[in-house]
Structure formats: structure tokens, C-alpha cells
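Understanding the architecture of this molecule
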Amino acid sequence: MIKFFLFLIYTTTTFFLPNNYWILILILVNFLLTLAVCVLAQSSLRKIIFGTLKFMPFILLAFLFNFWLDNLENAIWISYKLLIVCQMTMVYASTTSNLEIAVTIQKLCAPLKFFHIDTADIKILVCISLSLVPTLRRQLSEIRLACATKHMSVNFHNIKPILTRFFTSVFARIEQIEASLLAKGYRE
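These numbers come from a predicted model, not from an experiment.

Along the backbone of the protein there are eight helices and zero strands. Each helix and strand of the protein, placed in order from N terminus to C terminus, yields the pattern α-α-α-α-α-α-α-α. When the backbone C-alpha atoms are referred to their principal axes, the protein occupies close to 55 × 50 × 35 Å. A separation threshold of at least 6 residues defines the contact pool for the protein, and within that pool the share at least 24 residues apart is 65%. As presented, the protein carries roughly 13,300 Å² of accessible surface, and 71% of it is formed by carbon and sulfur atoms. Across the protein, the 17 positively charged side chains and the 9 negatively charged ones have centroids separated by 8 Å.

Quick look at the structure:
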């Protein structure tokens, strides 16, 4: 919970800093903090850097919009800030497990108990959804690979059979999760 609040405070204050050279110091501190977290958590710096580079199209799009609507200097500052936030998001995601995120969300949803909403259900839904994302990514890459072996390109004309196979496998996986939860005695 403390790690989540530190992450939230760090990323939020990044956008409230004025556009001056304090941002450059923040970038240096961010890089050193990333190195320290990678060493302490024994996670891969390469994974964090490549994960951050996946956000580059979004950062470039934000840069172009800000350049078009405002000016070059503000577009550069906003791009720097987005890069810092994306990098810290990758650090937080690589050092936090799905269960820790789900428990944090359950604790944040504690006031919902006044409305008779069970926060344990929210925790289970978040944990299942976070663990289902890699499964969905793997299913999609398997379908893409199957299309490539059949010399079939993925385009608008043949998207219907591809999506049919994808959603069929997704719903089968969801039914397996539901059956395992019922077998473990989780109420409906």
C-alpha cells in the first residue's frame, strides 16, 4: 500500500513541476532510482527499458499534438514528463505482483463496505483479470503464428474467423477459471 502511494505521489508531482531544468534533475534521479530498484528487486533493467520504449509511439503522438497546439518547448517538456511516468510505471509493474496490486485495490475499496459491497470479490476480479492478460496475449500470438503458417495475412477481410477463434479460446479459459473457483468452494 505504501509503495502504491509513493508511486502515485511521484508520478502526480511529475506533472505539477514547472517546465524548467528541475525536470532534468528529476530525470537523473529517476534513472538512479530505476537502477536502485532493479538491483534491490533483482528485476531486469533491460525489461524495464524495453517496456518503456513500447510507450514511445504514445509519447511521440503527445509530442506532436502539443507541438501543433502549443509550441516546441512545451511539447518537449511534456514528452519528458510522460517518459518519466512511463518508466516509473514499468518499474512499479515489474516489482509488484498481481496479488499485491489486487490487495492494494481491495484496501482502497474498503469504504465500499458501507454500501454492503464485498471487497474480497473486487480483489478476486482484479487478480483474475491481471493474470488473464498474459494468457490473452499468448493466445493472440498463437493465432497470429497459426495464420502465418497457413500463409494467411491478418487484415480487415479475414478478421472475423481470427476473432472467432480468439474469443472461443478466451471464453473457454474463462469457463476453466469459473469451474476452478466453484471447485474451491467460492460462492456464486
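And the narrative resumes.
Moving on to the packing of aromatic side chains. A full pass over the atoms with the stated rule returns seven aromatic pairs. Aromatic side chains F7 and Y92 sit 4.7 Å apart centroid to centroid with 10° between the ring planes, which places their arrangement in the stacked category. Here F7 is found in helix α1 (residues 2-16), whereas its partner Y92 is found in helix α5 (residues 72-95), with 85 residues between them in sequence. Neither residue differs from the other here; F7 and Y92 are each classed as buried. What links up through ring pairs into an aromatic cluster is the set F4, F5, F7 and Y92.

A few words now on the nonpolar core. Across soluble globular proteins, nonpolar side chains have a tendency to be buried as a group. Ranked by size, the top nonpolar core spans seven residues in total: F4, F7, Y10, L26, I84, M88 and Y92. Taken together, the elements giving at least two residues each to this core come down to α1 and α5. For Y10, the contacting residues outside a window of four places in its chain are L26, N30, I84 and M88. Among the nonpolar cores identified, the runner-up in size contains five residues, and C147, I162, F166 and V170 belong to it.

Calculation rules
Residues numbered from 1 in each chain as written. Predicted model: local features only at pLDDT ≥ 70, side-chain atom pairs only at ≥ 80, totals over all residues. Heavy atoms only, no water. Helix = DSSP H or I, 4+ residues; strand = E, 2+ residues; numbered from the N terminus. Contact = heavy atoms within 4.5 Å. Areas by Shrake-Rupley, 256 points an atom, 1.4 Å probe, with all protein chains shown as cover. Lys, Arg positive; Asp, Glu negative; His and termini not counted. Charge placed at Lys NZ, Arg CZ, Asp CG, Glu CD. Phe/Tyr/Trp six-rings, centres within 6.5 Å; stacked < 30°, edge-to-face > 60°. Buried < 20%, exposed > 50% of the residue type's maximum accessible area, 1.4 Å probe, protein only. Core = buried A, V, L, I, M, F, W, Y, C linked by side-chain atoms within 4.5 Å.

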